[in-house]
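As a plain string of letters, each chain reads:
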Amino acid sequence: VKQVISQYTGVRRSRNIYTMFLMLLVVVGASGEFREDAYVSCPLDVTLLTDPLGSLSSPGRYPDYYMNNQHCEWNVRAPEGYTVMLRFRGVQLWDPAHYVTVKDGGDAMDNLLYRWTGLTTVHSPARPAPIITYTNQVFIAFEAFEGDDRVNMEGFYLDYRMLPAGTPHPGECVDPGPIVNGRVVPPHGPYRLGDKLRLECASGTESTSAEGDVFQCEQLEADSFPRWSLPEGELLSDVSCEAQCQLTDEHSSYGAIRSPGWPDPHHEEPNRACRWTINPARGYGLRLYFNRTDFRAEDEYIEVKGRGVHLRLNQLNPYPENKTVHTDPNLDSGRLDVAYYGKFIRGTSVEVFYSSGYCSDPGGIPYGSRNDTTSSPSTAPSEPDRTVFLPGDSVTYSCEAGYELVGQATLTCVQGTVYLYQWDNGRPYC
């Protein structure tokens, strides 16, 4: 009885037999086996789990709901010479202050491997790949202290198993899992020492990391775990791609303007004079497509100025004709500003797709090179710092010796649907 309760609910073994008996009634079914949909309580302190395999979950009833205003901790400890493998069935949390953490080898922040919050899982549950520790013990923590006592989301559930040491590959960095509004390239490990990871954010969003969008797997000390090149205490799983209130794009031929909190219609924050500036190459035209506006007060409006355009949208006039604006061909140069006015701005207040009559430089790839095939001038007229690719032009990538290309090698500038012209595929990787 004690073993089952400790393994699946985290109840301390010092609890009295009456409490244990009541919990056994709800946790163990008629067959004596653990049921995934059983109600699970939260341990009062760090619960030590030493059985060779088992399961644990957030308090509540996975996957129907989890209980709020809780702090739970578990320590899965294997014998010396063993490691621990965790298999999460899912992680879904409601609030950015709700979190699940996994620490390897100790309970200090330096041992942090993974962290999930409501910021990254509220819209779609995380389904992490299996995690194998480097040491013989792992600490799992769950905390939720914002909102109602019961949250109708999954919470988390995991199975663990102890494995002989040597199962994980030495010298590898942790797979970051899914990135909100973005993707990582390469998308899956193993990520070995020296490997680089590129974060590609959805158009109109930027990396929240001060390190930018390229990270390297490194080992700072001989006895330390391999980690991504991030400031102390920051994990790659914490990084997301977020729409910005202020943005200047001087290089792209096509892209998107999106308000902070995109795409959440319930996200609302004070407007900080949000303004977006674009400046594609002159002489190729510019089209704006207003995919979404969301005015909820009379004093809220969007103003567009530049390249011969002066437009104001509001509650009475939320979209231009056919949702589209074309710049004046005779005034096709200089910056164009899109500004939002109002006390508050929401995740759906602004979504504009802009494009011009060419494709801009798609960029290079780590450990690779490229060959350009173009019938157009290599640079825009009177703008030697801009590379221009016209419809039909292409870029072909190849890898250095010892690396294999993954993805489509050749990108071609083609006519788009949302955009006038765009590359027909994303960049490959080596």
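Residues numbered from 1 in each chain as written. Predicted model: local features only at pLDDT ≥ 70, side-chain atom pairs only at ≥ 80, totals over all residues. Heavy atoms only, no water.

Undergrad: I'd like a rundown of the state of the cysteines, residues and numbers included.
TA: Under the counting rule described, the total for this entry stands at five disulfides. Note that Cys359 is cross-linked by a disulfide to Cys413, the S-S spacing being 2.2 Å. Since a negative S-S torsion denotes a left-handed disulfide, the Cys359-Cys413 link at about 80° is right-handed. Remark: Cys413 occurs in strand β37 (residues 410-415) and Cys359 occurs in strand β32 (residues 359-360); sequence separation between them is 54 residues. (Disulfide = S-S within 2.5 Å. Helix = DSSP H or I, 4+ residues; strand = E, 2+ residues; numbered from the N terminus.)

Undergrad: Summarise the packing of aromatic side chains; cite the residues concerned and give the values.
TA: Here the structure, examined in full by the defined rule, presents 14 aromatic pairs. With a centroid separation of 5.1 Å and 10° between ring planes, the pair formed by Tyr114 and Trp116 is classed as stacked. The residues Tyr114 and Trp116 share a single accessibility class, namely buried. Measuring from centroid to centroid gives 5.3 Å for Phe389 and Trp423, while their planes differ by 65°, and the two rings are edge-to-face. Of this pair, Phe389 sits in strand β35 (residues 383-389) while Trp423 sits in strand β38 (residues 421-423), placing them 34 residues apart in sequence. (Phe/Tyr/Trp six-rings, centres within 6.5 Å; stacked < 30°, edge-to-face > 60°. Buried < 20%, exposed > 50% of the residue type's maximum accessible area, 1.4 Å probe, protein only.)

Undergrad: Tell me about the pairing of strand β16 (residues 196-201), and name the residues and values.
TA: As defined by bridge partners, strand β14 (residues 182-185) adjoins β16 across four bridges and the pair is classed as antiparallel. Counted as the bridge partner of Val184 is Leu199 from β16. As judged from the three bridges shared by β16 and strand β18 (residues 214-218), these two strands associate in the antiparallel manner. When the bridges of β18 are listed, Arg198 appears paired with Val214. (Pairing = 2+ DSSP bridges.)

Undergrad: Any chance you could break down the pairing of strand β26 (residues 301-306) for me, citing the residues and the numbers?
TA: As a general feature of sheets, a regular strand has side chains that alternate between the two faces. Along β26, five of the six residues are buried, which leaves the element largely enclosed by surrounding structure. Relative to strand β29 (residues 336-341), β26 runs antiparallel, the two being bridged by five bridges. Directly across from Lys305, in β29, lies its bridge partner Asp337. Of the strand pairs in this sheet, β26 and strand β27 (residues 309-313) are connected by five bridges, and their pairing is antiparallel. Looking across to β27, one finds that Ile302 is bridged to Leu313. Between β26 and β27, which pair antiparallel one after the other, the connecting turn spans two residues, and Arg307 there sits at a positive phi close to 55°.

Undergrad: Got a sec to walk through unusual backbone geometry? Specific residues and values, please.
TA: Going from Tyr62 to Pro63, the amide bond is cis rather than trans, its omega being 0°. Topologically, Pro63 is positioned in the loop between β3 (60-61) and β4 (65-67). Cis geometry marks the peptide bond from Val185 to Pro186, where omega comes out at 0°. Mapping Pro186 onto the fold places it in the loop between β14 and β15 (191-192).

Undergrad: Kindly report on the environment of Asn291, identifying the contributing residues and their values.
TA: Within the secondary structure, Asn291 is located in strand β25 (residues 287-293). Those residues within four positions of Asn291 in sequence are excluded, and the remaining contacts are Tyr319, Lys323, Glu351 and Phe353. A polar atom in the side chain of Asn291 sits 2.8 Å from the side chain of Glu351. (Contact = heavy atoms within 4.5 Å. Polar contact = N/O pair within 3.5 Å; in protein donor to acceptor, adjacent residues only side chain to side chain.)

Undergrad: Can you lay out the nonpolar core for me, pointing to particular residues and giving the numbers?
TA: If you look at the biggest cluster of nonpolar residues, it comprises 31 residues, and the most contacted ones within it are Leu86, Phe88, Ile140 and Phe156. Taken together, the elements giving at least two residues each to this core come down to β5 (70-77), β6 (82-92), β7 (99-104), β8 (112-117), β10 (137-144) and β12 (155-164). In this view, Phe88 contacts Val100, Val102, Trp116, Pro128, Ile131, Phe156, Tyr157 and Leu158; residues no more than four positions away in its chain are not counted. Formed by 23 residues, the second largest nonpolar core is a distinct cluster that contains Ile278, Phe295, Val338 and Val350. (Core = buried A, V, L, I, M, F, W, Y, C linked by side-chain atoms within 4.5 Å.)

Undergrad: I'd love a proper account of the pattern of salt bridges, names of residues and values included.
TA: Think of it this way: side chains of opposite charge can pair up when their charged atoms draw near. Throughout the structure, instances matching the rule amount to 17 salt bridges. Taking the shortest distance from any N to any O, the salt bridge between Arg427 and Glu200 comes out at 3.9 Å. Of this pair, Arg427 sits in the segment after β38 while Glu200 sits in strand β16, and the two are 227 residues apart along the sequence. In this structure, Glu351 and Arg258 form a salt bridge, with 2.8 Å as the shortest nitrogen-oxygen distance. Of this pair, Glu351 sits in strand β31 (residues 350-355) while Arg258 sits in strand β22 (residues 254-258), placing them 93 residues apart in sequence. Just as Glu351 is buried, Arg258 falls in that class too. Bridged by salt links that share partners, the residues Glu268, Asp294, Arg296, Glu300 and Arg346 form one connected network. (Salt bridge = Lys/Arg side-chain N within 4 Å of Asp/Glu carboxyl O.)

Undergrad: Mind laying out the confidence of the model for the chain, listing which residues take part and the relevant values?
TA: Low-pLDDT stretches of the model should not have their predicted coordinates read in fine detail. The share of residues in the chain with pLDDT of 70 or more is 87%, and the mean pLDDT across the chain is 83. Below pLDDT 50 for its whole length, residues 1-36 participates in 59 contacts with residues either more than four positions away or in separate chains. (pLDDT = per-residue confidence, 0-100.)

Undergrad: Explain the sheet that holds β38 residue by residue, including any values.
TA: The strand order β33-β36-β37-β38 describes an open sheet built from four strands, whose pairing is antiparallel. The open sheet has two edge strands, β33 (368-373) and β38, and neither has a second partner. Here the strands of the sheet are splayed against their neighbours by 20° on average, with no regard to which way each runs. Strand direction decides the pairing type here: strand β36 (residues 394-399) and β37, joined by three bridges, are antiparallel. Paired with Val395 across the bridge in β37 is Leu411. (Axes fitted to C-alpha atoms, helices over the stretch in contact; angles between N-to-C directions.)

Undergrad: Lay out the side chain of Gln137 in plain terms, naming residues and giving numbers.
TA: Within the secondary structure, Gln137 is located in strand β10. A relative accessible area of 16% places Gln137 in the buried class. Separated by 3.3 Å, the side chains of Gln137 and Arg77 make a polar contact. Non-local contacts of Gln137, meaning those with residues more than four positions away in its chain, are made with Asn75, Val76, Arg77, Lys103, Asp104 and Gly105.

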